[in-house]
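So the chains spell out like this:
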Amino acid sequence: MSEPGALRMRVERLVREVAKFGVVGGLGVLVNLAVFNLVRHVTELPVVRASLIATVVAILFNYVGFRYFTYRDRDKSGRTKELALFLLFSVIGMVIENGVLYTATYGFGWDGPLQSNFFKFFGIGVATLFRFWSYRTWVFKALPAKEAVQTAESFLEQTPRQATRKQPDRV
């Protein structure tokens, strides 16, 4: 394959990955903001504590979405390590996200509902940049090229009938 063709394929893959990440992340943002506002209006918890609860719920939602939608084609071995790394980077993202909200709320006194939601959303945006980089680099690693090709070839070789019955060995 030519260099421009290979580069185009890599860019197209990255665009698809960013789009899938965006779909899951966008839904995660909605979950995060909905839980945040629900906790804020139903309880007397301080802003940052309500935000931490919302972030944890969104992290759980996002793991399922990333594992089974965005990165479903990635290496599935070592789920314990994957989950541990996901939680580690999610906690770092949570500190970034809620650090922005904490600074706005307690550093500048911006504690109104509109201000809290703005800085919660802004913190999510900053943390998302970190999360995208860390998840794709460390958590949901791409399969090695040789293994990915073998997996794709074996999948393509099977027809619906063949998938349900055992194949005779080829010589």
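Details of the nonpolar core
Counting residues in hydrophobic clusters, the biggest one holds 14 residues, and the most contacted among them are Phe-21, Phe-66, Tyr-71, Phe-86, Tyr-135, Val-139 and Phe-140. Of all the elements in the fold, those that place two or more residues in this core are helix H1 (3-42), helix H2 (47-70), helix H3 (79-107) and helix H4 (113-139). Top contributing element to this core by residue count: H4, with four residues. Those residues in contact with Phe-66, other than ones at most four positions away along the chain, are Phe-21, Val-24, Gly-25, Tyr-71, Arg-72, Phe-86, Tyr-135 and Phe-140. Counting residues in each nonpolar core, the second largest holds ten residues, with Val-39, Val-47, Ala-54 and Leu-101 among its members.

Description of the side chain of Thr-105
Residue position: Thr-105 is located in helix H3. Accessibility expressed as a relative area gives 7% for Thr-105, which makes it buried. A distance of 2.8 Å separates a polar atom in the side chain of Thr-105 from the backbone oxygen of Leu-101. Every residue in contact with Thr-105, bar those within four places of it in the chain, is listed here: Val-47, Trp-110 and Asp-111.

Things to note about the confidence of the model for the chain
Within the chain, residue pLDDT values average 86, and 82% of them lie at 70 or more. Averaged pLDDT values for the elements of the chain fall to 52 in helix H6 (residues 160-164) and rise to 95 in H2.

A closer look at the pattern of salt bridges
Under the counting rule described, the total for this entry stands at eight salt bridges. For the salt bridge of Arg-67 with Glu-82, the shortest nitrogen-to-oxygen distance reads 2.4 Å. Separated by 15 residues along the polypeptide, Arg-67 in helix H2 and Glu-82 in helix H3 bring together distant segments of the chain. When sorted by exposure, Arg-67 lands in the same class as Glu-82, which is buried.

A closer look at the environment of Leu-129
Looking at where Leu-129 falls in the secondary structure, it is placed in helix H4. As for Leu-129 and Gly-93, which are separated by 36 residues in sequence, their C-alpha atoms are 9.0 Å apart.

Section: the side chain of Arg-74
When you line up the elements, Arg-74 lands in the loop between H2 and H3. Side-chain polar atoms of Arg-74 contact the side chain of Glu-17, separated by 3.1 Å. Only 2.6 Å separates the side chain of Arg-74 from the backbone oxygen of Phe-140, close enough to count as a polar contact.

What about a nonpolar patch on the surface?
A grouping of Val-23, Leu-27, Leu-30, Phe-61 and Phe-69 is seen on the molecular surface, where their side chains present a nonpolar patch of about 430 Å² in accessible area. Of all elements in the fold, only H1 and H2 reach the threshold of two or more residues within the nonpolar patch. With respect to the helices, strands and loops of the structure, Leu-27 is situated in helix H1.

Things to note about the environment of Asp-111
Here Asp-111 is to be found in the loop between H3 and H4. Here Asp-111 is in contact with Arg-40, Val-47, Thr-105 and Ser-116, once residues within four sequence places are set aside.

Some points on the packing of H3 against H4
Between H3 and H4, whose axes approach to 8 Å, the crossing angle comes to 155°. When the axis of H3 is compared with that of H4, the two are roughly antiparallel. Handedness of the H3/H4 crossing: right-handed. Split by residue class, the contact of H3 with H4 holds 18 nonpolar, six polar and four charged.

Quick notes on the rules
- Counting starts from 1 at the beginning of each chain's written sequence and moves along it residue by residue.
- Local features in this predicted model are restricted to residues whose pLDDT is 70 or higher, and side-chain atom pairs enter the listing and the counts only when it is 80 or higher, whereas totals over whole chains, interfaces and linings include all residues.
- Hydrogen atoms and water are omitted, and side-chain values are computed over all heavy atoms in the structure.
- Here, nonpolar core refers to any group of buried Ala, Val, Leu, Ile, Met, Phe, Trp, Tyr and Cys residues whose side-chain atoms link them within 4.5 Å.
- A simple rule labels every residue: compare its accessible area, found with a 1.4 Å probe on the protein chains alone, to the largest value its type can have, and call it buried under 20%, exposed over 50%, or partly exposed in between.
- Secondary structure is summarised from DSSP: a helix means a run of H or I of at least four residues, a strand means a run of E of at least two, and numbering begins at the N terminus for each.
- Any two residues whose heavy atoms approach within 4.5 Å are treated as being in contact.
- We call two N or O atoms a polar contact when they sit within 3.5 Å, provided that within protein one can donate a hydrogen and the other can accept it, with sequence-adjacent residues counted only if both atoms are side-chain atoms.
- Values of pLDDT, which run from 0 to 100, indicate the predictor's confidence residue by residue.
- Note on definitions: salt bridges are taken to be side-chain nitrogens of Lys or Arg within 4 Å of carboxyl oxygens of Asp or Glu.
- Patches in this entry comprise residues that are over 30% relatively accessible and not in a salt bridge; like charges within 9 Å are linked, as are nonpolar side chains (Val, Leu, Ile, Met, Phe, Trp, Tyr) within 5 Å.
- In these tables, accessible area is a Shrake-Rupley quantity obtained with a 1.4 Å probe, and a residue counts as shielded only by the protein chains included in the view.
- Throughout, an axis means a line fitted to C-alpha atoms (over the contacting stretch in the case of helices), and angles, computed between N-to-C directions, take values from 0 to 180 degrees.
- Relative orientations are named as follows: roughly parallel for angles under 35 degrees, roughly antiparallel for angles over 145 degrees, roughly perpendicular for angles from 65 to 115 degrees, and oblique for any other angle.
- Here a crossing is taken to be left-handed if its near helix is turned anticlockwise relative to the far helix by less than a right angle, and right-handed if that turn runs clockwise.
- Polar here means any residue outside two lists: the nonpolar Ala, Val, Leu, Ile, Met, Phe, Trp, Tyr, Cys and Pro, and the charged Asp, Glu, Lys and Arg; Gly therefore counts as polar.

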